[in-house]
Amino acid sequence: MSAPARIGPAPLETGRATPRRRHSTLLADFGPLSALVLLCIVFSVLSPQFRTWGNLRNVLDSAAVLAVIAVGLTFVLLLGAIDLSIEGVMATAAISTALLVANTRNDIDLGFLGIVAAVALGACFGLASGLLSTGLKIPSFMTTLGISAIGIGVATVLFAGVQPTVTDPVVAEWASGQWFGLTRLTFVAVAVIVIGLLIQRYTRLGRYARAIGGAEELAVLSGMPVRRYKTLAFTFAGAVYGLAGVMVTVQLGSGIVQAGVGLNFAAITAAVVGGTLLSGGRGGVLQSVVGVLIVTVLANGLVLIGVSPYVQRAVQGVIVVVAVVITAWPLRERLRVVK
Amino acid sequence: MSNTAARGRIVALAIAGIAALALSGCAGQSETPGEAPAAEGGTCAPEDIQLIGQVRNETNPYEKAWLDGGDAFAESVGLTQTRLTYDGESPKQQEQLRQALSTGNPECMVLNVLPNGDSDTTPIVKEVDNAGAYLVTHWNKPADLNPWDGHDTWISHITFDGKDAGRQIADAMFEAMGGSGGIIALQGILDTAAAKDRFIGLQDALAENPDVELLDEQAADFDRTTAFNITKTLITKHGDAIKGVWAANDDMALGALQALEAAGMDGVAVVGIDAVPEAVQAVADGTMTATVSVDGPWQGGIGLAMGYCALTGELDVAELSNEQRAFFAKQTLINADNAEENLTPTANLDDFACDNLFDRVTGPVS
């Protein structure tokens with residue numbers, strides 16, 4: 001009885017994509033993008049201010065930091081791992097940038113080198129997360145949570161009760177200045193996105209990350225240096241979080257320990273909304289960036305159309321859940337278990 | 001009734017007596033065990049008194065200044081303060097206090113505590129009651145939990161009138177705006193009492209100033225980056241109509257300030273609450289209009305001072321009025337006139353003298 005039944009659906013598994021499967025993949029790939037376009041149209045109709053150039057600049061500017069974080073996080077998520085170290089890494093990077101460029105707390109003035117140092121510090125934290133996860137085989141949520149705590153601790157010691165305010169005129173000028181009508185931080189974000197795309201497309205790190213996330217055992221069996229590339233992915237992510245910490249510091253003009261508060265959750269939400277799976281192996285930099293834009297446009301639009309702050313969060317939550325359901329719907333057959 | 005009360009007192013005396021005996025046994029250098037038990041007040045040798053200050057974290061300038069104030073008081077009486085921080089995690093706070101109470105001599109201990117939330121105060125008070133240490137709490141407590149309801153060693157609960165603070169900065173802002181124009185309000189985390197009360201203060205002020213229009217109100221969660229982004233959006237929405245930004249704390253005010261600067265808007269009156277050093281500096285520089293100081297160093301010192309005075313017999317807790325045991329304390333508006341002198345918040349040791357302990361009471365917590 002059961003034998004014919006098993007033969008029946010077999011082509012579905014082994015053959016090339018059937019029309020139905022292709023259709024659902026299409027939805028998964030372009031669903032978030034259509035949602036973004038739809039949101040933009042709705043907000044443009046409801047609020048004349050939404051469609052101004054100034055507001056586009058706002059949105060891109062607000063999205064910049066989150067987009068940079070999402071690029072780094074994407075590689076970790078592709079592996080099927082998770083990274084909860086964002087707040088801690090950003091805290092340390094933010095405080096150390098502020099302390100290394102001209103500031104109100106000390107006489108150090110490394111200028112651009114200070115920024116490089118902060119990014120390198122972020123990379124060190126990432127490397128530590130990676131080595132702990134792969135070397136000691138501890139789940140990444142634990143190691144990264146621990147690294148986050150270490151980051152906050154280091155930042156607290158460096159902070160020592162007095163906020164360092166950046167007095168470097170070059171940095172201040174850089175933050176307020178514009179290129180082609182857009183703030184410079186937007187271009188930094190674009191640059192990071194492009195680098196992320198190149199890594200994802202043309203390097204082993206990018207291709208292996210996806211393969212490891214898809215089926216780690218197979219990757220190990222086929223002789224891939226899984227541990228090395230996992231560690232590399234965490235290191236890259238750490239460096240990028242460090243950069244995000246620098247960006248917040250430049251934007252706010254002072255180094256605060258709270259630079260990354262809430263961004264961990266926001267970045268994971270954005271990546272998932274964009275279609276990067278938490279279970280790994282699927283998604284990518286562009287998907288995550290679309291997710292970031294959805295989240296940012298939503299926050300911006302709800303303020304502009306005058307939704308009461310008391311219901312804003314609930315509306316955001318509903319839309320995010322709906323977006324995730326739509327994105328994950330076509331994939332639900334392939335996800336045998338949800339953890 | 002009186003029977004149970006009497007029995008309770010006997011039990012308390014017995015426990016205190018046993019504790020004193022046990023202590024003299026292991027510590028050796030303590031007071032003669034026969035002397036009146038500590039629960040009745042004033043029998044700890046000054047050098048045996050343990051001072052403990054507990055706040056959320058030291059990354060917040062206000063809470064850091066609080067602990068520094070505690071240190072300043074402790075030093076002035078030749079002691080050191082144990083600094084505890086619990087990172088805003090309620091279970092961690094309870095655990096730290098339990099540890100402190102069980103490892104020291106609670107009868108000669110003073111705890112100056114910032115409970116994480118209203119509901120955290122009840123278990124703290126219970127622990128401390130059982131141990132018999134002196135306690136002063138700040139900011140958060142359930143409305144129906146009061147020190148005078150049978151909590152002999154919970155000396156006082158100190159908090160500040162949020163409505164008054166919100167009102168004071170609103171008035172300062174309206175004055176700077178010349179009494180008319182549009183403003184935006186940045187609220188804190190909406191389900192906190194601080195955010196609610198401060199906003200009511202603004203609304204009261206608005207009701208009396210019909211020429212000032214509230215263009216928009218948003219929640220920026222007491223967070224600087226959020227305030228920065230929201231202010232930018234609101235600038236897009238309302239443009240030059242914005243003449244003032246009312247923020248429920250300084251972090252948000254500073255975020256808004258940065259957004260205004262980025263948009264090239266100067267001359268907008270920005271006000272906040274907390275008097276963090278950066279904001280006071282901004283007020284001194286003239287970029288911010290006003291902030292309100294609750295005086296962190298004073299809070300850090302006063303709770304320890306109350307307990308110290310009680311333990312050395314100079315303060316009789318039982319004789320305090322209800323108004324002294326749960327009160328709103330004085331808060332100061334900081335504007336261009338007094339910003340310079342408040343740049344580095346330091347404790348004034350005179351405030352901690354045993355007869356000045358209740359100088360800053362402005363009214364009972366209703």
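Calculation notes
Residues numbered from 1 in each chain as written. Chains lettered and ligands numbered in written order. Predicted model: local features only at pLDDT ≥ 70, side-chain atom pairs only at ≥ 80, totals over all residues. Heavy atoms only, no water. Helix = DSSP H or I, 4+ residues; strand = E, 2+ residues; numbered from the N terminus. Buried < 20%, exposed > 50% of the residue type's maximum accessible area, 1.4 Å probe, protein only. Areas by Shrake-Rupley, 256 points an atom, 1.4 Å probe, with all protein chains shown as cover. pLDDT = per-residue confidence, 0-100. Contact = heavy atoms within 4.5 Å. Expected span 1.5 Å × (residues − 1). Salt bridge = Lys/Arg side-chain N within 4 Å of Asp/Glu carboxyl O. Pairing = 2+ DSSP bridges. Axes fitted to C-alpha atoms, helices over the stretch in contact; angles between N-to-C directions. Core = buried A, V, L, I, M, F, W, Y, C linked by side-chain atoms within 4.5 Å. Phe/Tyr/Trp six-rings, centres within 6.5 Å; stacked < 30°, edge-to-face > 60°. Polar contact = N/O pair within 3.5 Å; in protein donor to acceptor, adjacent residues only side chain to side chain. Disulfide = S-S within 2.5 Å.

- The name that an unreviewed UniProt entry assigns to chain A is Sugar ABC transporter permease, with the source organism given as Microbacterium terricola.

## What about the overall build of chain A?
In step 1: Along chain A, the regular secondary structure elements total 15 helices and 2 strands.
In step 2: Per-residue burial for chain A yields a buried fraction of 50% across its 339 residues.
In step 3: A total of about 16000 Å² of accessible surface is found on chain A, and carbon and sulfur atoms cover 71% of it.

## Considerations on the confidence of the model for chain B
All names here are of chain B.
In step 1: Here chain B shows a mean pLDDT of 87. Residues at 70 or above account for 88%.
In step 2: The low-confidence segment residues 20-41 (pLDDT under 50) makes 21 contacts with residues lying over four places distant or belonging to another chain.
In step 3: Predicted complex, confidence summary: ipTM 0.81, pTM 0.80.

## Brief notes about helix 2 (residues 61-76) of chain B
Residues and elements named next belong to chain B.
In step 1: End to end, helix 2 covers 22 Å across 16 residues, agreeing with the expected 22 Å (1.5 Å per residue, within 8%).
In step 2: Residues of helix 2 that are buried include every one of Pro61, Tyr62, Glu63, Lys64, Ala65, Trp66, Leu67, Gly69, Gly70, Phe73 and Ala74, and no others.
In step 3: Positive backbone phi, at 75°, marks Gly78, one or two positions downstream of helix 2.

## Quick notes on the pattern of salt bridges
Residues and elements named next belong to chain B.
In step 1: One pass over the structure, following the stated rule, counts 19 salt bridges over all chains.
In step 2: Of the charged contacts in the structure, one is a salt bridge between Arg83 and Asp68, with a shortest N-O distance of 3.1 Å. Placement of Arg83 in strand 2 (residues 81-85) and of Asp68 in helix 2 is noted, with a sequence separation of 15 residues between them.
In step 3: Residue class for Asp68 comes out partly exposed when judged on its relative accessible area of 32%.
In step 4: Residue classification places Arg83 among the partly exposed residues on the basis of a relative accessible area of 28%.
In step 5: Beyond isolated ion pairs, a larger network of salt bridges with shared partners links Glu58, Lys64, Asp68, Asp71 and Arg83.

## Topic: the sheet that holds strand 9 (residues 269-271) of chain B
Residue and element names in this part refer to chain B.
In step 1: Pairing is parallel across the open sheet formed by 4 strands, whose spatial order is 7-6-8-9. Of all strands in the sheet, those with a lone pairing partner are strand 7 (212-219) and strand 9, marking the two edges. Between one strand axis and the next, the sheet turns by 15° as a mean value, whatever way the strands run.
In step 2: Of the pairings in the sheet, the one linking strand 6 (residues 181-187) to strand 7 comprises 7 bridges and is parallel in character.

## Focus on the nonpolar core
In step 1: Phe174(B) and Trp246(B) are the most contacted members of the largest nonpolar core, which has 111 residues in total.
In step 2: At 14 residues, helix 4 (residues 53-78) of chain A tops the list of elements feeding residues into this core.
In step 3: Residues contacting Trp246(B), with those up to four places away along its chain left out, are Gly166(B), Ile169(B), Ala170(B), Met173(B), Ile184(B), Ala185(B), Leu186(B), Arg198(B), Phe199(B), Leu202(B) and Val271(B).
In step 4: Leu51(B), Phe73(B), Val110(B) and Leu311(B) belong to the second-largest nonpolar core, a separate cluster that totals 37 residues.

## Regarding the sheet that holds strand 5 (residues 154-159) of chain B
Residues and elements named next belong to chain B.
In step 1: Spatial strand order, 2-1-3-4-5-11-13: 7 strands in an open sheet with mixed pairing. The open sheet has two free edges, formed respectively by strand 2 and strand 13 (361-364), since each of these has just one partner strand. Adjacent strand axes in the sheet meet at a mean angle of 25°, parallel and antiparallel pairs treated alike.
In step 2: Here strand 5 pairs with strand 11 (residues 326-329) via 3 bridges, running parallel. Residue pairing for strand 11: His157 is matched across the bridge by Ala326.
In step 3: Its contacts with the sheet place helix 2 against strand 1 (50-55), strand 2, strand 3 (109-113) and strand 4 (134-138), and it is angled at close to 165° to strand 2.

## Re the packing of aromatic side chains
In step 1: For the structure on display, the rule yields 12 aromatic pairs over all chains.
In step 2: With a centroid separation of 5.6 Å and an interplanar angle of 40°, the aromatic rings of Phe43(A) and Phe50(A) are classed as tilted.
In step 3: Residue classification places Phe43(A) among the buried residues on the basis of a relative accessible area of 4%.
In step 4: Centroid distance Trp139(B) to Phe160(B): 5.1 Å. Interplanar angle 45°. Geometry classified as tilted. With a gap of 21 residues between them, Trp139(B) in the loop between strand 4 and strand 5 and Phe160(B) in the loop between strand 5 and helix 5 (162-176) connect regions that are remote in the sequence.
In step 5: Given the relative accessible area of 22%, Trp139(B) is considered partly exposed.
In step 6: Classification of Phe160(B) as buried rests on a relative accessible area of 5%.
In step 7: Taken together through their ring pairs, the aromatic side chains of Trp174(A), Trp179(A), Phe180(A) and Phe187(A) make up a single cluster.

## What about the interface of chain B and chain A?
In step 1: The interface is formed by 22 residues belonging to chain B together with 30 residues belonging to chain A.
In step 2: At the junction of chain B and chain A, the tally comes to 2 salt bridges.
In step 3: Here Asp61(A) and Lys232(B) are joined by a salt bridge, their closest N and O atoms 2.2 Å apart.
In step 4: Joining chain B to chain A, the criterion identifies 14 residue pairs in polar contact (both at pLDDT 80 or more).
In step 5: Every element with two or more residues in the side of chain B that touches chain A is listed here: helix 2, strand 7 and helix 7 (224-238) of chain B.
In step 6: With 9 residues, the top contributor of residues to the side of chain B that touches chain A is helix 7 of chain B.

## Focus: the state of the cysteines
All names here are of chain B.
In step 1: If you walk through the whole model with that rule in mind, you get 2 disulfides over all chains.
In step 2: A sulfur-sulfur distance of 1.8 Å marks the disulfide that ties Cys44 to Cys108. Where Cys44 bonds to Cys108 through sulfur, the torsion about that S-S bond is close to -80°, and the disulfide is left-handed. Of the two residues, Cys44 sits in the loop between helix 1 (2-27) and strand 1 while Cys108 sits in the loop between helix 3 (90-103) and strand 3, which places them 64 residues apart along the sequence.
In step 3: Given a relative accessible area of 7%, Cys44 falls into the buried group.
In step 4: Overall, Cys108 belongs to the buried group, its relative accessible area being 7%.
In step 5: Two residues share a disulfide in this structure: Cys309 and Cys354, whose sulfurs sit 2.0 Å from each other. Between Cys309 and Cys354, the S-S torsion sits near -90°, and that sign places the bridge as left-handed. With Cys309 in helix 10 (residues 296-311) and Cys354 in the loop between strand 12 (332-334) and strand 13, the pair connects residues that are 45 residues apart, well separated along the chain.
In step 6: The connectivity of the disulfide-linked cysteines in chain B, indexed sequentially, is 1-2, 3-4.

## So, unusual backbone geometry
In step 1: In this structure, Phe180(A) takes a positive phi of about 50° despite not being glycine.
In step 2: Checked against the element boundaries, Phe180(A) lands in the loop between strand 1 (178-179) and strand 2 (182-183).
In step 3: We classify Phe180(A) as exposed; its relative accessible area is 76%.
In step 4: One non-glycine residue, Asp274(B), lies in positive phi territory at about 125°.

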